[in-house]
Each structure stands twice: as C-alpha cells, then as structure tokens.
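Next come the chains, spelled out residue by residue.
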Amino acid sequence: MHENIEKALRAFLTALQTAKMYDTKHPMVQKALDVACSAIAEALSGRQNLTFGIIKDELSFEQEIFFELSAISKPSVELLKKKGIERISFRQGFTKEDVEHLVQYCAAGKGTVLPPVAQYLEAQGVSTVSAGLIRLG
C-alpha cells in the first residue's frame, strides 16, 4: 500500500549507513542523499509532511509497520535510537542540505558531543526536517 513510503525510508537509511562509512561530502554519500531526497520528494507528493517512527524496534509510518525493513535495518534503528531519534518528519520544501544535516548528525562518531537533535537542526537553520522522541499523550 505504501510502496513509495517504504522506498523513501529505505533510501534514507541507505544514506545514513553510507555516511557511517564515509564523510558526508564523499561522492557515494552525496549520491545516496540524492536518491533519498528524490524518494522522499516522491513520497511527499500530495502531502504536507511525511513522518516515520520507531515503535520499540520497528519502523513505522502511520498505522503501517515495516517488519521486513525493520529486520534488515536493525543497525540503523539502533543508531537512531542511540541518537535520541524515534521520529523523523520531512515537510514540503525540504532540501538536500536539510537531509544532509540530519544524516551528518546521525553519523557522527561516538566521541562527538552533540546537543539534542532538535537543537542541532535548529542551529543549522533546518526547519523542514525534524527529528526527536515520540511524545505520547
């Protein structure tokens, strides 16, 4: 039902994993970011925003849980949770640079001291991509 949504999430996670291996300015990371941005833009078509979540260890969108993608993306899910990220939202008008800032934050090494993701993105001037914890109630 949500093939383009899963494709966008998969592409974002690929960019994230590629950035864990290379600097975000590396051509392979830039290519992965291009693919991710294209997939996200396609999934955003007709929507104001697109929000992914992590419920326990499962990737989700709205009422759909991507069990298979969650199973093969465990390292990415664990990384996001360690960075204090349980939800990621993309809004119309996002740019590659906005996504790159989020990927850069997520891919930062263990020794890197960073503020919470929302503060980091705000400090970078990012307003069309947000991330953080899921707040219930």
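Computed from a predicted model, the values in this text were never measured in an experiment. (Residues numbered from 1 in each chain as written. Predicted model: local features only at pLDDT ≥ 70, side-chain atom pairs only at ≥ 80, totals over all residues. Heavy atoms only, no water.)

(A) Representation of the packing of aromatic side chains. This structure, assessed with the given rule, holds 5 aromatic pairs. Both rings, one in Phe12 and one in Phe90, keep their centres 5.9 Å apart while their planes meet at 70°; by these two values the pair is edge-to-face. Here the residue Phe12 occupies a position in helix 1 (residues 3-21), and Phe90 occupies one in strand 4 (residues 87-91), the gap between them amounting to 78 residues. Take Phe12 and Phe90: they sit in the same class, and that class is buried. By way of ring pairs, the aromatic residues Phe12, Phe52, Phe61, Phe90 and Phe94 are connected into one cluster. (Phe/Tyr/Trp six-rings, centres within 6.5 Å; stacked < 30°, edge-to-face > 60°. Helix = DSSP H or I, 4+ residues; strand = E, 2+ residues; numbered from the N terminus. Buried < 20%, exposed > 50% of the residue type's maximum accessible area, 1.4 Å probe, protein only.)

(B) A look at unusual backbone geometry. Positive phi values are uncommon outside glycine, yet Lys56 reaches one of about 55°. Summarising the element assignment, Lys56 is placed in the loop between strand 1 (49-55) and strand 2 (58-61).

(C) Local environment of the pattern of salt bridges. Tallied over the full model, the rule gives 6 salt bridges. Here Arg10 and Glu6 are joined by a salt bridge, their closest N and O atoms 3.0 Å apart. Of this pair, Arg10 and Glu6 are both found in helix 1, 4 residues apart, which corresponds to roughly one turn of the helix. Owing to a relative accessible area of 34%, Arg10 belongs among the partly exposed residues under this scheme. Among the residues examined, Glu6 registers a relative accessible area of 23% and is labelled partly exposed. Here Lys25 ties to Glu100 by a salt bridge, and the two come within 2.8 Å at their closest N and O atoms. A residue pair is termed long-range when its members are at least 10 positions apart, and Lys25 in the loop between helix 1 and helix 2 (27-44) and Glu100 in helix 5 (residues 96-107) qualify at 75 residues. Judged by its relative accessible area of 7%, Glu100 falls in the buried class. (Salt bridge = Lys/Arg side-chain N within 4 Å of Asp/Glu carboxyl O.)

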